[in-house]
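# Breakdown of the fold
These are the residues of each chain, in order.
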Amino acid sequence: MSTEPFFKDDTMVFGILMVVLGFIFYTSSIKEGFWKKFYGIIPGLFLAYMIPGLLTTLGIIAPDWETTNTAGETIKHSSNLYYMSSRYLLPAALVLMTLSIDLRAIYNLGWKALAMFFAGTIGILIGGPIAILLISMVSPETVGGAGPDEVWRGLSTLAGSWIGGGANQAAMLEIYEYNPKKYSAMVIVDIVVANIWMAVILIGIAKSKRIDKWLKADASAIEELKEKVSTYAAKVERKATLTDITVIGALAFGTVSLAHFGANHLSGFFGGVVAEIESTTMKNMFTFLDSQFFWMVSIATAVAIILSFTKAKDYEGAGASKIGSLFIYILVASIGMKMDLKDTFDNLGLVAVGLVWMTIHAGLMILIAKLIKAPYFFLAVGSQANVGGAASAPVVAAAFHPSLATVGVLLAVFGYAIGTIAAIGCTILMQLVSP
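Summary of the structure given here. (Residues numbered from 1 in each chain as written. Predicted model: local features only at pLDDT ≥ 70, side-chain atom pairs only at ≥ 80, totals over all residues. Heavy atoms only, no water.)

### Remarks on the pairing of strand β2 (residues 74-78)
As a reminder, the rule being used: Here the rule is simple: two strands pair whenever DSSP picks up at least two bridges between them. For helices the rule is a DSSP run of H or I covering at least 4 residues; for strands it is a run of E covering at least 2, with both sets numbered from the N terminus onward.
Relative to β2, strand β1 (residues 64-68) is paired through 5 bridges, and the arrangement is antiparallel. Counterpart to Thr 68 in the pairing with β2 is Thr 74. The turn joining β1 and β2, which pair antiparallel and follow one another in sequence, is formed by 5 residues; a positive phi near 80° is taken by Gly 72.

In structure tokens:
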């Protein structure tokens, strides 16, 4: 929990985030002098992510905080901006960015996308036990504990989160019964380490061509997809009318409404089915089917793909993906807002475990990318499909080109499916090597 921020009203906080985004977009549009040099080094998307984090660290805004009333009771408060952007704007953005998608071109991206995704999964799977081994040599008490306080039990939730997502993380907490009173420290490690890695990935996007050259990667299929979408957008480009913008809004948020409606019913139905499974292991393996977020993203993406075969595709010419990109930037700002750098110093030992773990994940992905000559796009999106899930994988993919957002979603959804079973394997290894 962050300390009580200066601005607590979401209306004010949202305004601040929009001012930050407006400043970034305006200054990055200046093609000469200081700003041209600045954005040649620091990508705008990185700033959209980091500036809200700095505002949280300075106590100006906060994702959540605590106050004490006159009776001495602790009251918890939280901002709804991340929920709003991840549940409303993210699925809307997926619709608008997928309207002009070319499925055959995505298929032509080939096997390297999946190879990098699985490299990321293996990196998380082996990274946990290796991190415990290395940290135990220096500070065994950091990765020790007894009973429900055993650190490997808490780290199992990180494995669930970094391979799958929130539903898989909750499943691991249930399976290994980590002390709930200490769980908040694991959540902090999750947020801090995952956000640091995402920041590194965002910086790399600005240097992706140079990285691809070093990897000796063939990015022609990606460039071909981007070129196809850009050519089509130019072909149907027109001056957007109020009718165009209204229809774009209807397509986006009509689908969001449908996605939420379907997610509510499907998560309830499959939740009942999963609850009746007798095997605890099997039950927790399929717990992601009980996640409304999983179904919401899946339905929104499926509807968007269907729309891409209709006349709705022509609304790309009226700026559909540009509006979707704005929604993505708002989501990025709300994700960045969750990062309080002070939390790093309050949990240094566990954060060190997380950083070593993530370094192993990153190192393996770089090694595999080098061996198979995979483009940086596959490395970045494959990693985020594991570590960040459906909330951040399309963000990273869209940073390369709006048309690529769907690739991030498809890989992230796959991560949900294998998240729990892979995390269980990781946890078994962590238990074996724990002091």
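### So, the environment of Leu 379
The following threshold applies: Any two residues whose heavy atoms approach within 4.5 Å are treated as being in contact.
Relative to the helices and strands, Leu 379 is located in helix α18 (residues 376-387). Residues Leu 379 and Phe 117 lie 262 residues apart in sequence; the distance between their C-alpha atoms is 7.7 Å. Contact partners of Leu 379, with chain neighbours within four places excluded, come to Met 116, Met 365, Ile 366 and Ala 369.

### Quick word on the side chain of Ser 334
The residue Ser 334 is located in helix α15 (residues 320-336) in this model. Among residues more than four places away in sequence, those in contact with Ser 334 are Leu 17, Leu 81, Tyr 82 and Ser 85.

### Some thoughts on the pattern of salt bridges
As a reminder, the rule being used: We define a salt bridge as a side-chain nitrogen of Lys or Arg found within 4 Å of a carboxyl oxygen belonging to Asp or Glu. Burial classes: relative accessible area under 20% of the type maximum marks a residue as buried, over 50% as exposed, and values in between as partly exposed (1.4 Å probe, protein chains only).
One pass over the full model with this rule turns up 3 salt bridges. With a closest N to O distance of 3.0 Å, Arg 153 and Glu 150 form a salt bridge. On the basis of relative accessibility, which here comes to 19%, the residue Arg 153 falls in the buried class. With a shortest N-O distance of 3.1 Å, Arg 238 and Asp 244 are connected by a salt bridge. Arg 238 sits in the partly exposed class, given a relative accessible area of 33%. Assessed through its relative accessible area of 8%, Asp 244 is described here as buried.

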